Amino acid sequence: MPLINVTLPDGTVNEYASGITCAEVITDALGRKHGCLAARVDGDECDMSTPLEQNCSVEGILSTSDEGIHILRHSAAHLLAQAVTALYPGAKPTIGPAIDRGFYYDFAMEAITESDLKPIQKKMQELARKNFTVERVELSESELQDHFADNPYKLEIINDKIEDGGGSTIYKQDEWYDLCLGPHVPNTSRLMHVKLTSVSSAYWRGDQDREQLVRIYGIVEPSKEALRATLTRLEEAKKRDHRKLGKDLKLFHIDEEVGQGLILWTPRGAVIRQELQDFISFHLRRQGYSQVFTPHVGKLDLYRTSGHFPYYQDSQYPPLVERDLMKKLADEGCTCGELSNLMKLGDIDGYMLKPMNCPHHVKIYASQQRSYRDLPLRLAEFGTVYRWEQSGEISGLTRVRGFTQDDAHLFVTEDQIAQEVLGCIELVQIIFEKLGMTDYRVRVGLRDADSDKYVGESEGWDKAEEACRAAAQSLGVNWSEEQGEAAFYGPKIDFVVKDVIGREWQLGTVQVDYNLPERFGLEYKGSDGEIHRPVMIHRAPFGSMERFCGVLIEHFAGKFPTWLTPTQVHIITISEKHKAYASEVAEALKAHEIRVLVDDGDDTVGKKIRNHRKLQPAYMVIVGDGETEGRTVSLRARNGDQISGMGLDDFIVAIREEIDTKVAQPSLVVVEPEE
Ligand SMILES: [Zn+2]
Ligand SMILES: [Zn+2]
């Protein structure tokens, strides 16, 4: 039998008989308890049972790695389909992918409800326990058609995806099989720790004109402990859901009559947004930014030049056409289709709700002759932009159709890129630190060396990429380079924040751009007297105010630091007698720009406290006889801890200090533990 050389991750090269499987190699290298559920052969994922027939490198995929968990989820989707078809013989499995937090499978079947999930889950566990081997079988197109003869959905996939005369693979466990490219876990016992979470409906191929299907969602983890931790996390995530908390805390409102995905910031939510805006504006001034304001619309021609129209028109609101022109076209019997065509060709003009702030800022740059002495020019605007998200995608504050970016554009010379990227990064860092988002990683998107889709000179790119790398490095946090992830117009830096319950959110970005200056023919006069082209940097540390606030609500579970809390102090009277002092306290706080609300109503103190807790003030101040006489306050913290007899003036100084220094959480109530 011929021998092959297999290279292991640590660089060791072992000699084996050809035909040895990945599982055997990994067991040989790592022992029986290797914990791998699939393998990578020369970089490609494959099953543990894959035989090796030539020299190659082999690496195990652990169930705890990103790839491993993906394979586990996809395998659990198969198990779900096996269980559903066992319990509902008429059900036709369609597709069942792994997704971000678990998996789902879509079935053509009678409608089911949440209460039907339990027996299905039980069946899955029963099948998992039987420890069926998961086997890969290669079949020709006609064999595939025979195997799936009674499933029109699979037949449709086979007919669409497989070239004539070609073939594909199925994965088989016991008598059940699915059309699939794999890889999968070696046996079903890996899938014991599974939980079905919900059922909903979906359309075949996401097309509303096609069949309606039943979608079952689930999660799976490699161990019992991991499953329990995930379930706890989901429970916690539910409690923190910003859509729910936004309503409870009265932070924002969405009204169908105004429009889906269009946020109405109520007074309490507006406070948070304004505080964040003030905070960032302070640092912008410090860094030498200039504030600008630009309108919410621009002419189509502007976006033709920038490249946003017509290419991205599907993700934008439809253009606005001038009234006279509209009337004339209507009189001529122009159809909507013709109108859209004329706009695309540039034969008629109109306006667009702005999808981006950049073209407007570019025009401010271009409004005067620029010299190297003007650079870097940093233009900042909290600019509202509009995007047409599909209605199915819209959700709370995080997927919306209108949002305000904490946007800025820096016009710089090539030599200034490094310094300015660093400045952008510093800003992001300050924000994250103040908000206690200390667990984040950074992705640097670089170009794909083999592609020629990029605009700009290669030396320029080298410099810009180096600048991004160096900036990311300077943060002292986890960062990764991602080849091929740059936009065609320049490299970028993305920030991915992990919240307290372990979810990742992509927030701010910094993006170098060689393209827009080119498209708009931007220039500056250099110190050499020659005309040069500036480079642009787009950056938005929060990304969008809406999305960022949504993330913040969940991050803090609605318990904001004092400086961000909409009403910082709620004053509660014990009885009628204390009204006058309560209003005196309120006036004193207001005079120091502390946000106050007074409840001197007739409810009992207990009831008032319960009511006000829902709004999560930083402190409740309770005033009764003792406080009135001594000009003191009793403070109640969010957790119910209470201290009494704090002098009113001392309280004002202390809370003002807490606000001004942006302390992470209200901390004026300190109760000494009793001995
Ligand atoms: Zn599959
Ligand atoms: Zn921009």
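About the criteria used
- Residues numbered from 1 in each chain as written.
- Chains lettered and ligands numbered in written order.
- Predicted model: local features only at pLDDT ≥ 70, side-chain atom pairs only at ≥ 80, totals over all residues.
- Heavy atoms only, no water.
- Core = buried A, V, L, I, M, F, W, Y, C linked by side-chain atoms within 4.5 Å.
- Buried < 20%, exposed > 50% of the residue type's maximum accessible area, 1.4 Å probe, protein only.
- Helix = DSSP H or I, 4+ residues; strand = E, 2+ residues; numbered from the N terminus.
- Contact = heavy atoms within 4.5 Å.
- Pairing = 2+ DSSP bridges.
- Axes fitted to C-alpha atoms, helices over the stretch in contact; angles between N-to-C directions.
- Patch = residues over 30% accessible without salt bridge, like charges linked within 9 Å, V, L, I, M, F, W, Y side chains within 5 Å.
- Areas by Shrake-Rupley, 256 points an atom, 1.4 Å probe, with all protein chains shown as cover.
- Salt bridge = Lys/Arg side-chain N within 4 Å of Asp/Glu carboxyl O.
- Lys, Arg positive; Asp, Glu negative; His and termini not counted.
- Charge placed at Lys NZ, Arg CZ, Asp CG, Glu CD.
- Donors = N, O, S within 2.8 Å, 3.2 Å for Na, K, Ca; no water.
- 1 Å grid on protein atoms, 1.4 Å probe; cavity = no way out; pocket = protein on both sides within 12 Å on 5 of 7 lines; lining within 4 Å.
- Points joined across faces, edges and corners; volume = space filled by probe spheres on them.
- Nonpolar A, V, L, I, M, F, W, Y, C, P; charged D, E, K, R; others polar.

J.: Mind laying out the nonpolar core, listing which residues take part and the relevant values?
T.: If you look at soluble globular proteins, the nonpolar side chains tend to sit buried side by side. If you look at the biggest cluster of nonpolar residues, it comprises 89 residues, and the most contacted ones within it are Leu-276, Leu-435, Phe-495, Ile-571 and Phe-651. Take this core: its biggest share by element is 9 residues, from helix 13 (residues 417-434). Sequence-distant contacts of Leu-276, defined by excluding residues within four places in its chain, comprise Leu-435, Phe-542, Met-545, Phe-548, Cys-549, Leu-552, Trp-563 and Leu-564. If you look at the next biggest cluster of nonpolar residues, it comprises 38 residues, including Ile-61, Leu-117, Cys-180 and Ile-216.

J.: Outline the sheet that holds strand 3 (residues 36-41), listing residues and values.
T.: Spatial strand order, 2-1-5-3-4: 5 strands in an open sheet with mixed pairing. Edge positions in the sheet fall to strand 2 (13-17) and strand 4 (44-46), since each has one partner strand and no second. For this sheet, the mean angle separating the axes of adjacent strands, direction not counted, is 40 degrees. The sheet contact formed by strand 1 (residues 3-7) and strand 2 spans 5 bridges and is antiparallel. Bridge pairing in strand 2 links Leu-3 to Ala-17. The strands touched by helix 1 (residues 22-30) within the sheet are strand 1, strand 2, strand 3, strand 4 and strand 5 (56-62), with strand 3 carrying the most contacts at an inclination of about 105 degrees. Sitting on the sheet, helix 2 (residues 66-87) is in contact with strand 3, strand 4 and strand 5, with an inclination near 120 degrees to strand 3.

J.: Help me get a handle on a positive patch on the surface, residues and values and all.
T.: Taken together, the side chains of Lys-250, Lys-607, Arg-610 and Lys-614 define a basic patch exposed on the protein surface. Mapped onto the secondary structure, Lys-614 falls in the loop between helix 18 (605-613) and strand 31 (619-623).

J.: How would you summarise the coordination of the zinc ion (ligand 2) if you had to cite specific residues and measurements?
T.: At 2.0 to 2.4 Å from the zinc ion (ligand 2) lie its protein donor atoms, namely Cys-358 (SG), His-409 (NE2) and His-538 (ND1). When the donors of the zinc ion (ligand 2) are listed by position in the chain, the intervening gaps give C-x50-H-x128-H. With Cys-358 in helix 12 (residues 358-365) and His-538 in strand 28 (residues 535-540), this residue pair connects regions lying 180 residues apart in the sequence. Here the two residues Cys-358 and His-538 agree in accessibility, since each one is buried.

J.: If you had to explain the pairing of strand 8 (residues 102-108) to someone new, which residues and values would you point to?
T.: Counting buried positions along strand 8 yields 7 of 7 residues, so the element is predominantly enclosed. Side-chain alternation along strand 8 places Gly-102, Tyr-104, Asp-106 and Ala-108 on one buried face and Phe-103, Tyr-105 and Phe-107 on a second face that is also buried. In this sheet, strand 8 lies alongside strand 6 (residues 92-93) in antiparallel orientation, the contact comprising 2 bridges. The partner of Lys-92 across the bridge, within strand 8, is Ala-108. Bridge count for strand 7 (residues 98-99) against strand 8 is 2 bridges, and the pairing is antiparallel. When the sheet's bridge partners are listed, Ile-99 is paired in strand 8 with Gly-102. Strand direction decides the pairing type here: strand 8 and strand 13 (residues 212-220), joined by 5 bridges, are antiparallel. Across the sheet, the residue bridging to Phe-103 is Gly-218, located in strand 13.

J.: Tell me about the coordination of the zinc ion (ligand 1), and name the residues and values.
T.: Every protein donor of the zinc ion (ligand 1) is listed here as His-74 (NE2), His-78 (NE2) and Cys-180 (SG), and their distances to the metal cover 2.0 to 2.2 Å. Mapped onto the sequence, the donors of the zinc ion (ligand 1) take the spacing H-x3-H-x101-C. One end of the pair, His-74, is in helix 2; the other, Cys-180, is in the loop between strand 11 (176-179) and strand 12 (194-203), and 106 residues separate them in sequence. Judged by its relative accessible area of 18%, His-74 is buried.

J.: Summarise the sheet that holds strand 19 (residues 350-353); cite the residues concerned and give the values.
T.: As summarised here, the arrangement of the 3 strands in space is 17-19-18, forming an open sheet in which the pairing is antiparallel. Both outer strands of the open sheet, strand 17 (297-299) and strand 18 (320-321), are each paired with one neighbouring strand and no more. One ladder, built from 3 bridges, connects strand 17 with strand 19; its direction is antiparallel. Each residue of the ladder has a partner; that of Lys-299, found in strand 19, is Tyr-351.

J.: Describe in detail the pattern of salt bridges, supporting the description with residues and values.
T.: Counting across every chain of the model gives 38 salt bridges. Of the charged contacts in the structure, one is a salt bridge between Glu-59 and Arg-40, with a shortest N-O distance of 3.1 Å. Within this pair, whereas Glu-59 is found in strand 5, its partner Arg-40 is found in strand 3, the two being separated by 19 residues in sequence. Lys-577 is the salt-bridge partner of Asp-625, the closest N and O atoms lying 3.3 Å from each other. Highlighted residues: Asp-625 in helix 19 (residues 625-630) and Lys-577 in the loop between strand 29 (569-573) and helix 17 (579-591), separated in sequence by 48 residues. Assessed through its relative accessible area of 59%, Lys-577 is described here as exposed. What you see here is one network of salt bridges that share partners, running through Glu-156, Asp-160, Arg-205, Arg-210 and Glu-211.

J.: Break down empty space enclosed by the protein for me, with residues and values.
T.: In this structure the tally under the stated criterion is 2 cavities of 30 Å³ or more. In this structure, the largest cavity spans a volume of roughly 40 Å³. Together, Leu-251, Phe-252, Trp-265, Gly-269, Ile-272, Leu-397, Cys-549 and Ile-553 line the largest cavity. At the level of secondary structure, the elements contributing two or more residues to the lining of the largest cavity comprise helix 8 (267-286) and helix 16 (545-556). Within the lining of the largest cavity, the residues separate by chemical class into 7 nonpolar, 1 polar and no charged. Taken as a whole, the second largest cavity encloses approximately 30 Å³ of empty space. Ser-75, His-78, Val-134, Gln-173, His-184, Val-185 and Leu-191 together form the lining of the second largest cavity. Broken down by class, the residue content of the lining of the second largest cavity amounts to 3 nonpolar, 4 polar and no charged.

J.: A description of the layout of surface pockets should follow, citing residues and the corresponding values.
T.: If you add up the space inside the largest pocket, you get close to 2,000 Å³. Taken together, 44 residues make up the lining of the largest pocket; nearest its centre are Asp-100, Arg-101, Gly-102, Leu-234 and Arg-503. Contributing elements (two or more residues each) for the lining of the largest pocket: helix 2, strand 8, strand 12, strand 13, helix 6 (224-240), helix 7 (242-248) and strand 25 (504-513). Classifying every residue of the lining of the largest pocket gives 13 nonpolar, 14 polar and 17 charged. A volume near 1,300 Å³ is recorded for the second largest pocket. If you list the elements that add at least two residues to the lining of the second largest pocket, you get strand 21 (402-412), strand 24 (492-498), strand 25, helix 15 (515-519), strand 28 and helix 16. Residue contributions to the lining of the second largest pocket peak at 6 residues, all from strand 25.

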